[in-house]
2 protein chains.
Amino acid sequence: MEPPARTSAPTIGELGESAVLARVLPRLRSGEASLLGPGDDAAVVAAPDGRFVVTSDMMVQGPDFRLAWSTPHDLGWKAAATNLTDVAAMGARPTALVVSIAAPVDLPVAVLEGIADGLRDALAELAPGAGVVGGDLSASHALTIAVTAFGDLEGRSPVLRSGARPGDVIAHAGARGDAARGLAVLFAEGRDEHGEPDAASAAAARERHPRLVAAQLAPRPPVAAGVVAALAGATAMLDVSDGLARDARRLAEASAVGIDFRRGALGADPLTALAGAEDHGLLAAFPPGVVPPHPFEAIGTANADAGRLTLDGEPVDTSGWDPYAGWDGVEG
Amino acid sequence: MEPPARTSAPTIGELGESAVLARVLPRLRSGEASLLGPGDDAAVVAAPDGRFVVTSDMMVQGPDFRLAWSTPHDLGWKAAATNLTDVAAMGARPTALVVSIAAPVDLPVAVLEGIADGLRDALAELAPGAGVVGGDLSASHALTIAVTAFGDLEGRSPVLRSGARPGDVIAHAGARGDAARGLAVLFAEGRDEHGEPDAASAAAARERHPRLVAAQLAPRPPVAAGVVAALAGATAMLDVSDGLARDARRLAEASAVGIDFRRGALGADPLTALAGAEDHGLLAAFPPGVVPPHPFEAIGTANADAGRLTLDGEPVDTSGWDPYAGWDGVEG
């Protein structure tokens, strides 16, 4: 058996856990809330107001991403960005992440280094001051990234889904449909002649449509807008991950209000704006008369027709994405 | 195509995410520290002393467990128990878990219900008052369980690995080697004629060796002993997951002490006690003269020979388990 090319592309199996951590951890910072970082059995994180916000999300190779389409940096970036948005949707300031990764033993350690760089860069841009306080490495067939994110409510009440009232202004911050458009670009132009995800085709498609493909693979959600909304008196808020219509219905049902969207506020393609998933914008309600603060834009109004969604008064379809219905079983 | 037998064994793909959650969540309680439980984008957890302890660990079908050997209840139990022990090893009281699960679409929902029951029962026995405050469901080929656990230091300093001093009493709480003996039972008696993990053989082996097999599949670590050690003045502590010798070396290196184990304190088979992994006991150091509190037992003494492990003065082998070296690639 030939010796593996250790210097050019060592795998995590060749290096072993300690050596992998020694290469990955220095790429990360533990952030301002970290009181005790990696190295012991657990980390210690500051929770200045005596509470912490926590959310968790797992990304699995196959159903959630393709290595032919996403760069390692994209994966780290998206894993951080989506969890930071869930923290922001509570009106909290993100403080820290914990990251557990399961990876095939033949994965080049450079992939984990790229994921770490993506995590670091997303934190620096979307949640300055927050860092990675701990984590775990395991073995698996499919690369799996589980992020748990924490936030500080800074003395405020959390902003729930259930607080909207009839008459509230419904406002949105972030992209509307771009992630879905980016996924459509990848399906149309990022596959080979057999229909399989293909890295070279995807890279070329990304050069042609950089904004849309990045919206899918490395979204830039309006994380800081979560605290902005809370300070402006938002009555309800949530992260728009499954499409604006589907998540608006959740807010409407939790709050027992209806929501009427204004077609003119949803851009040239209102149906994609309503149906497209994975934009990770923030949907919020503000009391009547409050001008939604930047970067929020008013897109509708809450009414008393509990749980009903309309677009200029016409019913809206809210079918959306289900994690167990949307995957074809391919890991590519 | 015949309709699937929905009433007897619906799969999570047939039910969809919402219906799965509706069956799983009622089996769990969110616990005393939960200020806002599942249902919003994030949970809110109490952190009464302005800090929280956090640890995370992922279990993957194949490298970490076999569905032919572990029951769903075992999986939930072990996922909770191992993370609770990491919290306890800091001298903290466990308060809450967040659980993310990725599962094949054809997995019977009863498996997730069993995992939830195992999580609930482990919390009730090992960390009364603590609960599951949130989580996430994703799709994958291999069942994957990621748990993040939280703890409250109740105003105390965390107990680190690095605080032991020469002359300290080295003490241990929990099983020593039983999990490894249980794994040996399963390898010897829990496989079919082709050497594959086999559920019927494993169940029979478990009836013959209930204590050892349970120590491997559903360990009962001394979680409450973590706070006991902290209150008794422990100078250093860690969770013994990779074997007593290997983890003792970590404590010794972090504290710049040597550790001499007493053979007479390690039972009839001191080498298995030192080498066996996955017992999830607690190894702690106490100042000279302190009698280790129950359930800790003195098993050695710290000395000035930094990083060196000995057994009645003779060198100890500390090779152990690496997550990327210990898996044969089979998921069974």
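Residues numbered from 1 in each chain as written. Chains lettered and ligands numbered in written order. Predicted model: local features only at pLDDT ≥ 70, side-chain atom pairs only at ≥ 80, totals over all residues. Heavy atoms only, no water.

- Chain A is annotated in an unreviewed UniProt entry as Thiamine-monophosphate kinase of Agromyces aurantiacus.
- Taken directly from UniProt, the Function (unreviewed entry) text for chain A runs: "Catalyzes the ATP-dependent phosphorylation of thiamine-monophosphate (TMP) to form thiamine-pyrophosphate (TPP), the active form of vitamin B1."
- Heading Catalytic activity (unreviewed entry) of the UniProt record for chain A holds this comment: "thiamine phosphate + ATP = thiamine diphosphate + ADP". (UniProt positions renumbered as here; feature names shortened; annotations may be inferred.)

### Focus on the overall build of chain A
Okay, step 1: For chain A, the helix and strand inventory stands at 10 helices and 13 strands.
Okay, step 2: A globule of 332 residues ought to have a C-alpha radius of gyration of about 20 Å, and chain A, at 21 Å, matches this closely.
Okay, step 3: When contacts within chain A are restricted to residue pairs at least 6 apart in sequence, long-range pairs at least 24 apart make up 86% of them.
Okay, step 4: For chain A, the computed accessible surface area is about 12,300 Å², with 54% contributed by carbon and sulfur atoms. (Helix = DSSP H or I, 4+ residues; strand = E, 2+ residues; numbered from the N terminus. Rg over C-alpha atoms; globule rule 2.2 N^0.38 Å. Contact = heavy atoms within 4.5 Å. Areas by Shrake-Rupley, 256 points an atom, 1.4 Å probe, with all protein chains shown as cover.)

### A few points about the UniProt feature "binding site: substrate" (unreviewed entry) in chain A
Residues and elements named next belong to chain A.
Okay, step 1: Within this numbering scheme, the UniProt entry marks Asp 64, Glu 278 and Trp 321 as carrying the feature "binding site: substrate" (unreviewed entry).
Okay, step 2: On the basis of relative accessible area, Asp 64 is assigned to the partly exposed category, the value being 27%.
Okay, step 3: A polar side-chain atom of Asp 64 sits 2.9 Å from the main-chain amide nitrogen of Val 60.
Okay, step 4: Mapped onto the secondary structure, Glu 278 falls in the loop between α10 (270–275) and β10 (281–286).
Okay, step 5: Those residues in contact with Glu 278, other than ones at most four positions away along the chain, are Lys 78, Ala 179, Ala 215, Gln 216 and Ser 241.
Okay, step 6: At a separation of 2.8 Å, a polar atom in the side chain of Glu 278 contacts the side chain of Lys 78. (Buried < 20%, exposed > 50% of the residue type's maximum accessible area, 1.4 Å probe, protein only. Polar contact = N/O pair within 3.5 Å; in protein donor to acceptor, adjacent residues only side chain to side chain.)

### Observations concerning the interface of chain A and chain B
Okay, step 1: Each side of the interface is counted separately: chain A has 63 residues, and chain B has 63 residues.
Okay, step 2: Across the chain A/chain B interface, buried area totals approximately 5,100 Å², and carbon plus sulfur atoms make up 61% of it.
Okay, step 3: Scanning the region where chain A abuts chain B turns up 4 salt bridges.
Okay, step 4: Arg 161 of chain A is the salt-bridge partner of Asp 40 of chain B, the closest N and O atoms lying 3.9 Å from each other.
Okay, step 5: Here chain A is connected to chain B by 21 residue pairs in polar contact (both at pLDDT 80 or more).
Okay, step 6: Of all the elements in the fold, those that place two or more residues in the side of chain A that touches chain B are α1 (12–15), β1 (34–36), β2 (43–46), β3 (51–60), β4 (93–103), β5 (131–139), β6 (144–152) and β8 (236–240) of chain A.
Okay, step 7: Sorting elements by how many residues they give to the side of chain A that touches chain B places β3 of chain A first, with 9 residues.
Okay, step 8: Looking at the side of chain A that touches chain B residue by residue, the class counts come to 37 nonpolar, 14 polar and 12 charged. (Buried area = accessible area lost by both parts, 1.4 Å probe. Salt bridge = Lys/Arg side-chain N within 4 Å of Asp/Glu carboxyl O. Nonpolar A, V, L, I, M, F, W, Y, C, P; charged D, E, K, R; others polar.)

### Focus: the side chain of Thr 82 of chain A
Residue and element names in this part refer to chain A.
Okay, step 1: Along the polypeptide, Thr 82 turns up in helix α3 (residues 72–88).
Okay, step 2: The class of Thr 82 is buried, set by a relative accessible area of 5%.
Okay, step 3: Each residue touching Thr 82, except ones within four places of it in the same chain, is listed here: Asp 57 and His 280.

### Topic: the sheet that holds β4 of chain A
The pairing of strands in a sheet happens through backbone hydrogen bonds and is either parallel or antiparallel.
Okay, step 1: Reading across the sheet, the 6 strands line up as β5(A)-β4(A)-β6(A)-β3(A)-β2(B)-β1(B) and stay open at both edges, with mixed pairing between neighbours. Both outer strands of the open sheet, β5 of chain A together with β1 (34–36) of chain B, are each paired with one neighbouring strand and no more. The average angle at which neighbouring strand axes cross in this sheet is 25°, direction not considered.
Okay, step 2: Of the pairings in the sheet, the one linking β1 of chain B to strand β2 (residues 43–46) of chain B comprises 2 bridges and is antiparallel in character. Its bridge partner being in β2 of chain B, Ser 34 of chain B is matched across the sheet by Val 45 of chain B.
Okay, step 3: Along the sheet, α3 of chain A contacts β3, β4 and β6 of chain A; its crossing angle with β3 of chain A, the most-contacted strand, is approximately 145°.
Okay, step 4: The sheet strands contacting helix α4 (residues 109–126) of chain A are β4, β5 and β6 of chain A, and the helix crosses β4 of chain A at an angle near 170°. (Pairing = 2+ DSSP bridges. Axes fitted to C-alpha atoms, helices over the stretch in contact; angles between N-to-C directions.)

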